[in-house]
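Results of the structural survey
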Amino acid sequence: MKILIMGADGYIGWPLFLRESMKGHEVAALDNYFTRRRVKEVESDSVSPILSLSSRLRKLSELTGREYPLYRGNASNPSFLLNTVREFRPDAIVHLAEQRSAPYSMLGLKQASATMSNNILSTMNLIYAVKEYVPDAHILKLGTMGEYGTPNIDIPEGFFEVSYNGRKDYLPFPKQAGSWYHWTKVHDSNNLMFANRLWKTPITDVMQGVVYGTRTREITETGLYTRFDIDEVWGTALNRFCAQAVAGLPLTPYGKGGQTRGFLSLEDSINCLDIALHKPPAKGEYRVFNQFDEHYSVRYLADTVKKVYEAEIGRTANIVNVENPRLELEEHYYNPEHKKLRSLGYVPSSTLENELKVILGDLETWKKRILSLRKVITPKTFWNRSSVNIPGVQTPPGTS
Ligand code: USQ
């Protein structure tokens with residue numbers, strides 16, 4: 001299969017590239033190093049020491065004996081993306097090339113707008129590129145469980161039957177995202193649904209939970225590492241808790257810590273995307289997968305990291321509930337369905353505790369790098385302080 005992976009330099013993009021190339025597929029990489037640059041902007045870095053994308057591709061070529069095209073550019077630039085698709089003519093395109101941090105999108109108007117344009121336009125460009133050049137190609141698009149928010153009812157996989165004033169319909173489940181970033185994914189989903197209605201484009205829209213982990217089965221040597229972020233803008237909950245334990249800093253559930261989300265390991269994220277790629281939708285089908293393994297509260301995750309860290313590493317870890325920088329429910333009902341991937345063959349590969357042992361072992365070896373980032377770990381991006389931070393734009397005193 002010919003697969004174009006947009007965002008191949010990323011946390012998930014690179015391991016997916018490894019999986020598909022090592023399975024013998026013809027894979028091309030697309031990236032503009034947006035995440036590398038923006039992580040530097042908040043004075044942070046990946047704590048796993050990663051090579052440049054071109055060096056990683058060279059390393060991979062040595063292992064497989066094949067060459068992998070690298071399209072370096074911005075997916076929100078229409079001519080770049082359309083030319084890439086026209087030239088490579090993929091059977092499937094995985095779109096992971098979006099700004100992926102909720103806190104980054106909440107820093108201020110500048111970052112909120114960049115997130116909107118980067119994410120929504122890249123998906124629009126992809127929709128048109130597929131329609132023009134490869135109308136039967138499968139778009140596998142990474143959305144987020146955060147599109148649904150935390151409603152007080154069960155969450156279906158994309159659609160549900162509604163009965164209102166005596167009539168029934170099968171409709172998209174209402175979306176209640178919690179950051180500008182998460183809203184961009186909602187807008188993408190709407191645009192993809194409409195593209196599917198217009199042109200019958202086969203689409204899988206993946207509502208993915210929070211991913212954790214340092215490794216997949218292909219990451220067997222340092223030259224193949226994927227990035228691992230721990231700072232308050234780019235790091236995610238469980239990965240941050242592990243790094244905090246290793247750095248001797250308190251683990252930081254925000255607020256009461258009862259916020260519950262779907263989680264899955266990096267290995268399982270790749271397993272699920274691989275299943276979605278090789279069991280594609282029918283022509284004309286738009287399908288939605290809720291992609292996570294289990295749901296946990298952040299309080300439970302902090303307790304579990306503490307338990308495993310103390311048992312495995314033998315040092316004490318502390319937990320401190322800090323002021324919640326976000327606007328979100330801290331205690332709520334949460335019961336999303338996630339049956340479709342399992343019905344296609346997905347079986348979780350490991351347990352949370354076993355995966356934590358692997359992560360903590362890796363982080364111990366990167367401890368020096370973690371300690372050098374101590375000052376960017378504490379949360380300071382508050383949703384209610386998101387400002388108008390465009391140079392030259394005046395705001396009334398006290399509003400920004
Ligand atoms: N949280 C803490 N303490 C921390 C960090 C986070 O309690 O130190 C809490 C947050 O308040 C939130 C939950 O953990 O309630 C998840 O936050 P997160 O930073 O791990 O994840 P989030 O911002 O939701 O975004 C991440 C990825 C994003 C992906 C999303 C899936 O960055 O790309 O779409 O997870 S989901 O959360 O299901 O929407």
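Residues numbered from 1 in each chain as written. Predicted model: local features only at pLDDT ≥ 70, side-chain atom pairs only at ≥ 80, totals over all residues. Heavy atoms only, no water.

1. Here's the deal with the sheet that holds strand β11 (residues 286-291)
By definition, the strands of a sheet pair up through backbone hydrogen bonds, in either a parallel or an antiparallel sense. Across the sheet, seven strands lie side by side as β3-β2-β1-β4-β5-β8-β11; this open sheet has parallel pairing. Both outer strands of the open sheet, β3 (70-72) and β11, are each paired with one neighbouring strand and no more. This sheet shows a mean twist of 20° between the axes of neighbouring strands, independent of strand direction. Bridging between strand β2 (residues 26-31) and β3 involves three bridges; their strand directions are parallel. Paired with Ala29 across the bridge in β3 is Leu70. Along the sheet face, helix α1 (residues 13-22) touches β1 (2-6), β2 and β4 (92-95) and points at about 165° away from the line of β2. (Pairing = 2+ DSSP bridges. Helix = DSSP H or I, 4+ residues; strand = E, 2+ residues; numbered from the N terminus. Axes fitted to C-alpha atoms, helices over the stretch in contact; angles between N-to-C directions. Contact = heavy atoms within 4.5 Å.)

2. Side note on the side chain of Asn324
Among the structural elements, Asn324 can be located in the loop between α10 (298-313) and α11 (340-343). In this structure the side chain of Asn324 is engaged in a polar contact, spanning 3.0 Å, whose partner is the side chain of Glu328. Polar side-chain contacts of Asn324 include one of 3.1 Å to the side chain of Glu330. When residues no more than four places from it in sequence are discounted, the contact partners of Asn324 are Tyr254, Gly255, Gln259, Glu330 and Phe382. (Polar contact = N/O pair within 3.5 Å; in protein donor to acceptor, adjacent residues only side chain to side chain.)

3. Considerations on the nonpolar core
Grouped together as the largest cluster of nonpolar side chains are 70 residues, with contacts concentrated most on Ile5, Ile12, Phe17 and Leu363. Ignoring sequence-local partners within four residues, the contact set of Ile12 consists of Leu96, Leu142, Gln208, Val211, Leu266, Ser269, Ile270 and Leu273. Formed by 33 residues, the second largest nonpolar core is a distinct cluster that contains Leu30, Tyr71, Ile93 and Ala97. (Core = buried A, V, L, I, M, F, W, Y, C linked by side-chain atoms within 4.5 Å. Buried < 20%, exposed > 50% of the residue type's maximum accessible area, 1.4 Å probe, protein only.)

4. Observations regarding the pairing of β4
Every other side chain in a regular strand lies on the same face of the sheet, so the side chains alternate between the two faces. Burial along β4 is two-sided: Ala92 and Val94 and Ile93 and His95, pointing in opposite directions, are all buried. Strand direction decides the pairing type here: β1 and β4, joined by four bridges, are parallel. Its bridge partner lying in β4, Leu4 is registered against Ile93.

5. A closer look at the pairing of strand β6 (residues 159-164)
Little of β6 sits out of view: just zero of its six residues are buried. Bridge count for β6 against strand β7 (residues 167-172) is six bridges, and the pairing is antiparallel. Within the sheet, the bridge partner assigned to Phe160 lies in β7 and is Leu171.

6. Here we look at the packing of aromatic side chains
Taken as a whole and judged by the stated rule, the model has 14 aromatic pairs. On the basis of an interplanar angle of 65° and a centroid distance of 6.5 Å, the ring pair of Tyr71 and Phe88 is categorised as edge-to-face. On the criterion of sequence distance, the pair formed by Tyr71 in strand β3 and Phe88 in helix α4 (residues 78-88) is long-range, its members being 17 residues apart. As far as burial versus exposure is concerned, Tyr71 and Phe88 are alike and both buried. (Phe/Tyr/Trp six-rings, centres within 6.5 Å; stacked < 30°, edge-to-face > 60°.)

7. Here's the deal with the site of the ligand
Close to the ligand lie 22 residues; Arg100, Thr144, Tyr181, Ala237 and Glu328 are nearest. A distance of 2.7 Å separates a nitrogen atom of the ligand from a polar backbone atom of Thr252. Arg261 has a polar side-chain atom sitting 3.3 Å from an oxygen atom of the ligand. If you list the elements that add at least two residues to the shell around the ligand, you get α7 (180-199) and α8 (237-247). When residues of the shell around the ligand are assigned to their parent elements, the largest contribution, three residues, is made by α8. (Near = heavy atom within 4 Å.)

8. Looking at the pattern of salt bridges
Within this structure, the stated rule accounts for 25 salt bridges. Glu98 is paired through a salt bridge with Lys185; the nearest N and O atoms lie 3.1 Å apart. Of this pair, Glu98 sits in the loop between β4 and α5 (102-105) while Lys185 is found in helix α7, placing the two residues 87 residues apart along the sequence. Residue Glu98 is classed as buried on the basis of its relative accessible area, which comes to 7%. Exposure remark for Lys185: the relative accessible area of 4% places this residue in the buried category. Asp293 is the salt-bridge partner of Arg342, the closest N and O atoms lying 3.4 Å from each other. With Arg342 in helix α11 and Asp293 in the loop between β11 and β12 (294-297), this residue pair connects regions lying 49 residues apart in the sequence. Judged by its relative accessible area of 35%, Arg342 falls in the partly exposed class. One network of salt bridges, in which partners are shared, links Arg19, Arg217, Glu218 and Glu267. (Salt bridge = Lys/Arg side-chain N within 4 Å of Asp/Glu carboxyl O.)

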